[in-house]
Amino acid sequence: MNKEKINFKIFATAMISVIIWFLIAHGYRMSNLIYFHDTLLNTVRADIAFQQSLGRFVQPFVILLFGSITSSWLISVVAILFFGLSVWLLCDIFDFDGKAEIFFLSGFLICNNVLTTANYMFLPWLDIYAMALFFSVFGVRLLMKGKIPYIICGCFSMILSLGLYQAYISVALAIVFILFVKELYSGKKFKEIYKSAFLYICSFVLSGGLYYIIYRVVLVKKGLAESDSYNGLASVARFDFVSVPSLIGTTYYNFFRFLFEPGIYASGKIHGTPISTFINICIIAVNILAFVILIAGLIRINILKKNSVSSVLLQVFLIALFPFTSNFVCFMSKGVEHALMTYGILLVYVFAFLVLKENLKLTDSKKVKLPMQLIVVPVLWLVLNNVVYSNQIYVKAHIQEQNYLSIMTRIVYQIENTEGYKWGETPVAFVGIFGNSKYIPTDVYFDQIGTGITPFTNNATYINYLKYHLGANINVYELPVTENIAGDMPCFPEQGYIQFIDDILVVKISDQ
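Residues numbered from 1 in each chain as written. Predicted model: local features only at pLDDT ≥ 70, side-chain atom pairs only at ≥ 80, totals over all residues. Heavy atoms only, no water.

*Asks:* So what's going on with the overall build of the protein? Residues and values would help.
*Replies:* Per the secondary structure count, the protein includes 18 helices and six strands. The C-alpha radius of gyration of the protein comes to 25 Å, within 12% of the 24 Å expected for a compact globule of 512 residues. For the protein, the spread of C-alpha atoms along the three principal axes comes to 85 × 65 × 50 Å. Per-residue burial over the protein gives 53% buried out of 512 residues. Of all intrachain contacts in the protein linking residues separated by at least 6 positions in sequence, the fraction that spans at least 24 positions is 79%. Entry remark: accessible area of the protein is about 24,100 Å², with carbon and sulfur atoms responsible for 65%. For the protein, the distance from the average site of its 36 positive side-chain charges to the average site of its 30 negative ones is 18 Å. (Helix = DSSP H or I, 4+ residues; strand = E, 2+ residues; numbered from the N terminus. Rg over C-alpha atoms; globule rule 2.2 N^0.38 Å. Buried < 20%, exposed > 50% of the residue type's maximum accessible area, 1.4 Å probe, protein only. Contact = heavy atoms within 4.5 Å. Areas by Shrake-Rupley, 256 points an atom, 1.4 Å probe, with all protein chains shown as cover. Lys, Arg positive; Asp, Glu negative; His and termini not counted. Charge placed at Lys NZ, Arg CZ, Asp CG, Glu CD.)

*Asks:* Explain the packing of aromatic side chains to me, and be specific about the residues and the numbers.
*Replies:* Under the counting rule described, the total for this entry stands at 38 aromatic pairs. An aromatic cluster is built from Y404, F430, F434, Y439, F456, Y462, Y465, F492 and Y497, whose rings are joined through pairwise contacts. Geometry around Y150 places K145 over its ring, the cationic atom sitting 5.6 Å from the centre. (Phe/Tyr/Trp six-rings, centres within 6.5 Å; stacked < 30°, edge-to-face > 60°. Lys NZ or Arg CZ within 6 Å of the ring centre and 35° of its normal.)

*Asks:* How would you summarise the environment of F430 if you had to cite specific residues and measurements?
*Replies:* Along the polypeptide, F430 turns up in strand 3 (residues 427-431). Expressed as a C-alpha distance, the spacing of F430 and F134, which sit 296 residues apart in the sequence, is 42 Å. In this view, F430 contacts M408, I411, I415, N459, Y462, L466, V476, Y477, V507 and I509; residues no more than four positions away in its chain are not counted.

*Asks:* How would you explain the nonpolar core if you had to name every residue and give the values?
*Replies:* The nonpolar side chains of soluble globular proteins are, as a tendency, buried together. Ranked by size, the top nonpolar core spans 128 residues in total, and within it F83, F94, Y168, I175, F322, Y343 and L347 carry the most contacts. It is helix 10 (residues 169-185) that contributes the most residues to this core, 14 residues altogether. Contact partners of I175, with chain neighbours within four places excluded, come to L90, I93, F94, V137, V140 and L347. Ranked by size, the runner-up nonpolar core spans 26 residues in total, among them L40, M408, F430 and I509. (Core = buried A, V, L, I, M, F, W, Y, C linked by side-chain atoms within 4.5 Å.)

*Asks:* Go over the pattern of salt bridges with me, naming the residues and quoting the values.
*Replies:* Tallying each qualifying case throughout the model produces nine salt bridges. The salt bridge involving K357 is made with E101; its shortest N-O contact spans 3.0 Å. Here E101 lies in helix 6 (residues 99-110) and K357 lies in helix 16 (residues 347-361), a separation of 256 residues in the sequence. Pair check on accessibility: K357 and E101 agree, each one buried. In this structure, the salt-bridge partner of K188 is E183, at a minimum N-O distance of 3.4 Å. (Salt bridge = Lys/Arg side-chain N within 4 Å of Asp/Glu carboxyl O.)

*Asks:* Any chance you could break down the packing of helix 9 (residues 148-164) against helix 11 (residues 190-222) for me, citing the residues and the numbers?
*Replies:* Describing two packed helices takes the angle between their axes plus the distance from one axis to the other. For the pair helix 9 and helix 11, the least separation of the axes is 9 Å and the interaxial angle reads 50 degrees. In terms of their interaxial angle, helix 9 and helix 11 are classed as oblique. Pair helix 9 / helix 11 crosses with right-handed handedness. Here I151, C155, M158, I159, L162 and G163 of helix 9 come into contact with helix 11, specifically with L199, S203, F204, L206, S207, G208, L210, Y211 and I214. Here the residues of the contact of helix 9 with helix 11 sort into 11 nonpolar, four polar and no charged. (Axes fitted to C-alpha atoms, helices over the stretch in contact; angles between N-to-C directions. Parallel < 35°, antiparallel > 145°, perpendicular 65-115°, else oblique. Left-handed = near helix turned anticlockwise from the far one by under 90°. Nonpolar A, V, L, I, M, F, W, Y, C, P; charged D, E, K, R; others polar.)

*Asks:* Which residues make up the pairing of strand 5 (residues 498-501), and what values do they have?
*Replies:* Alignment of strand 5 against strand 6 (residues 504-508), held across four bridges, turns out to be antiparallel. Across the sheet, the residue bridging to Q499 is V506, located in strand 6. (Pairing = 2+ DSSP bridges.)

*Asks:* An account of helix 10 is requested, with residue identities and associated values reported.
*Replies:* Its 17 residues give helix 10 an end-to-end C-alpha distance of 25 Å, which sits within 8% of 24 Å, the value for a rise of 1.5 Å per residue. Here helix 10 lies mainly inside the structure; 17 of its 17 residues are buried. G187, located one to two residues past helix 10, shows a positive phi value of around 90 degrees. (Expected span 1.5 Å × (residues − 1).)

*Asks:* Kindly report on the environment of F258, identifying the contributing residues and their values.
*Replies:* For F258, the position within the fold is in helix 12 (residues 244-260). Classification of F258 as buried rests on a relative accessible area of 19%. It is 23 Å that separates the C-alpha atoms of F258 and V181, two residues lying 77 residues apart in sequence. Discounting chain neighbours no more than four positions away, the residues touching F258 are V114, T342, I345 and L346.

*Asks:* Quick one: what's the story with the packing of helix 4 (residues 59-66) against helix 8 (residues 126-143), residue by residue and with numbers?
*Replies:* Running from N to C, helix 4 and helix 8 point in directions that differ by 120 degrees, and their axes come no closer than 11 Å. As summarised for this structure, helix 4 and helix 8 are arranged oblique, according to the angle between their axes. As helix 4 runs across helix 8, the sense of the crossing is right-handed. Side by side, helix 4 and helix 8 meet where Q59, V62 and F66 of the first sit next to D127, I128 and M131 of the second.

Keep in mind these numbers describe shape, not what the thing actually does.
This is the structure in structure tokens:
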């Protein structure tokens, strides 16, 4: 009973911590529309068939439950719930029970570039990413029980995670590798470790196999073709014409690039040197510190516990593989990796924190406070950068949304006042992109953070913007990529940027 009370306290602390960090870092986005990039493309979550063709066949059930309209507040609330559950499970798996450590753990799991990217560009799937994370972590927690009913449920949980968004399988793999290292330095018998390893391997293979079978059945039942896009499953098991050693190198490179090339918030200059340069150096130093704590901490633990050479060598092997496993999706996608696919890399901070905690247990209690204080400041600095960066990204995207409301309103007015134009009938083709337009002003501060300068990705985003934001019934026509019919036309906003060419009303935004 007492144990249940303690677990409830951990659960409450995890949920409250996640709510606090999410509101601080992403609250601005949560309470504003900011339709940007794929969020604009999916103002309504109606691309169910496409998602199923990508292997994400569980997503329709989420949309059925929470609706098709992309609502930033509701999606964020659902995401907070599942992120909170995930943090709670991670605390349970790695025995994090102190309020401070749970709070800091929540900090770098909620305030990071992965969630920032998901929030401002891919909001329609934020709740789905959170669920995929939860079922990945929950699957491992069930497998840890080691009994057949739990193993079956654990495999089912993994299948749900894969069916929501495949990238979060890397989180499960990273957790398992950390657990193995923990068991090794804790002195667990090799026989038990090998037995656990066999169980995990079989469970992951079984989950992946059943997931793929279900995916193929869904394709047949729905009459869908397997997507051959970069994020599809068509080429997952095909390594023809691919250098595997080079691909492994790319997987490791992207792991370290994620940590050492973070998003940096915009600031001013000191004696002509951008403050962002100093911030970047500090963040690199924090990440180096995390690796120092991880490596040096493991060396100290093994020395104090007098672990065998074979145990130490196996730990070295697992640590060497950790960047590969935590970024496994990069390997499976043949090196084509998006920021959304990198959440597993964040587990390196959990790993370092776990090793630090173990070292503190082996230290005289009178000396515990100093090292804990030393680690708190760098962690807070890392989280602070991500909090400020996230808020700046959302402000920039919001301002851009307002900018293009003004621009597109003017363009629509001129389209509708062009002689010969019939609303809803005349095909209208947009040529060029605002990102290449000389008209759009630049800014020394806003240009430091990377959202681009336009919420429009392609003609489909124009269609949604005109329909949902401006209420304009315009028949957007997509020109073939090879067709260049507006070569001599001036660009927006010069006189003549809107002209009839044959029966198509062409709106030229830029030369490229």
